[in-house]
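The chain contents come next:
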Amino acid sequence: MTETTATAIRASDEHAARLAGLSDQWAEIHRQQAVLDARKARLLARSAAYADAFADVTVPAIFPPAERRELSRRSTCAALAMATRIPERTIQRATNDAERLVNDAPAVLASLEAGRISARHAQVITDQLCDVPAAGRAVFLEQILVVAERTTAAGLRTSARVMRERLHPESISARAVRSEADRRVEFEPAADGMAWVHLFTTAPIAQGIAERVEAAAAESRKAGDTRTCAQLQADALAALALTGVTPEDVMSSSVLPHPIEVQEHIKPTVQITVPALTMAGVSDAPGMLDGYGPIDPETAARIAVNAPSFTRILVQPETGAILSVGRNQYRVPADLQRAVRLRDGTCRAPGCGRRARACDLDHSVAWEDGGATDVGNLACLCRHHHRMKHLPGWSLEHGPGGVLDWTTPDGKRHRTEPDPAPF
């Protein structure tokens, strides 16, 4: 053996030893994470049981029993969410998942606690388990857990779907009819003036849409369009949805319209705030699209041109703060509603992102208790948080400048402040 060969072997052994140490540490961290995830599941399941047990004590008797239980659960989830700055719906979903894991799949929970599977594996199993009838659950869990402990979460998802289908006593046709009722469209803001639109629909419709836009994109590419396939597919779908053209129009046109052309067909029914100087072309201050945030001034001005009307909001020049438009009456007049909704932007409960325009205008100090109908005593609260504010243990204080201080039933305080001036 030459010296060069011996050196290479020593280096290889050292590398293997270091890599083994790294992989062992990585595996141990994941094992510890699985243990913590199991503890979180047990805690959330206990919190749900606690909420149910004390629903009659924590929620006024004016509500029927089922609604008392729901309000108690939502109040408990809200307190946990505010304590960790996690959205309430995330906590609610996690609680539902935890209950299924703890109560319906104890063997899966034990495997998670032992670090043999991850939280993602457990989630895949409980997602499939929720629609497996009770008669087939024991067999499903026994068989799927063997697969979970030797494959990735992605591979497990495929196996679980197939296994669930094989064990399910109900026909896929009946389940498809039931699942079709959940079809919906969801809007998700992204960065730099972009956003996602998610469509949840039947598989044939989804596949048909995908094939339609792929074909339209391919035709445009054949005609010499230099946009990428992904860009053309996005533009084809936008044209179908917004310009009023038919699928046949898109297919027969050799070149698809550009997003700028498509945007000209938007007739804003949402609130869009455009600075006057931006409209005049002498400022690059962004516009504000309600429910999204800042968009580039060119897009804001172009969309605003097609708006059927404008609402003028008077602001303080130095700070951008909305000037008082108070009234000495309970009913909130239209101009005051606009001012409060524009100030708040969203529901003012900690962590809630529901748009202000879909919220109630709440008197922080009740009208019957002497509260005024003005910007200093009004705040946007979604219906859920409006009701929850009045439950025992909850309190809300409205400070200067629209600052809200919340106190949850566990005695913790959380502050929310109005959206800063957009420009």
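Residues numbered from 1 in each chain as written. Predicted model: local features only at pLDDT ≥ 70, side-chain atom pairs only at ≥ 80, totals over all residues. Heavy atoms only, no water.

**Q** Sorry if this is basic, but what is going on with the pattern of salt bridges here?
**A** Side-chain pairing between opposite charges can occur once the charged atoms of the two side chains come close. Applying the stated criterion across every chain yields a total of 22 salt bridges. Across the salt bridge formed by Asp225 and Arg227, the nearest N and O atoms sit 2.6 Å from each other. (Salt bridge = Lys/Arg side-chain N within 4 Å of Asp/Glu carboxyl O.)

**Q** Quick question: what am I supposed to make of helix 7 (residues 134-148) here?
**A** Since the α-helix packs 3.6 residues into each turn, any two residues three or four apart lie on the same face. The end-to-end C-alpha separation of helix 7 is 21 Å, in line with the 21 Å expected for 15 residues at 1.5 Å each. For helix 7, the principal kink sits at Phe140 and spans about 30°. Looking only at helix 7, the buried set comprises Gly136, Phe140, Leu141, Ile144, Leu145, Val147 and Ala148. Contact partners of the buried residues in helix 7: helix 4 (88-104), helix 5 (106-113), helix 6 (119-129) and helix 8 (153-167). (Helix = DSSP H or I, 4+ residues; strand = E, 2+ residues; numbered from the N terminus. Expected span 1.5 Å × (residues − 1). Bend = angle between axes of the 7 residues up to and from the residue. Buried < 20%, exposed > 50% of the residue type's maximum accessible area, 1.4 Å probe, protein only. Contact = heavy atoms within 4.5 Å.)

**Q** Which parts of the structure should I look at to understand helix 10 (residues 203-222)?
**A** With 20 residues, helix 10 should reach 28 Å at 1.5 Å per residue; the first-to-last C-alpha distance of 29 Å fits that figure. Within the sequence span of helix 10, burial applies to Val213, Ala216, Ala217 and Ser220. Buried positions in helix 10, seen along its axis, are confined to an arc of 100° and lie on one side of it. Turned more than 90 degrees away from the buried face of helix 10 sit Ala203, Pro204 and Lys222, all of them exposed. (Arc of directions from axis to C-beta.)

**Q** Would you mind showing me how to read the packing of aromatic side chains here?
**A** The relative placement of two aromatic rings is captured by the distance of their centres and the angle of their planes. What the rule picks out here adds up to two aromatic pairs. Measuring from centroid to centroid gives 4.8 Å for Tyr50 and Phe54, while their planes differ by 40°, and the two rings are tilted. When its relative accessible area of 39% is taken as the criterion, Phe54 is described as partly exposed. Taking the centre distance of 6.4 Å and the plane angle of 85° together, the rings of Trp394 and Trp406 count as edge-to-face. Here Trp394, found in the loop between helix 17 (383-388) and strand 8 (395-398), pairs with Trp406, found in strand 9 (residues 404-407); they are twelve residues apart in sequence, far enough to count as distant. Per residue, the accessibility class of Trp394 equals that of Trp406, and both read buried. (Phe/Tyr/Trp six-rings, centres within 6.5 Å; stacked < 30°, edge-to-face > 60°.)

The quantities given are spatial measurements derived from coordinates; they are silent on function.
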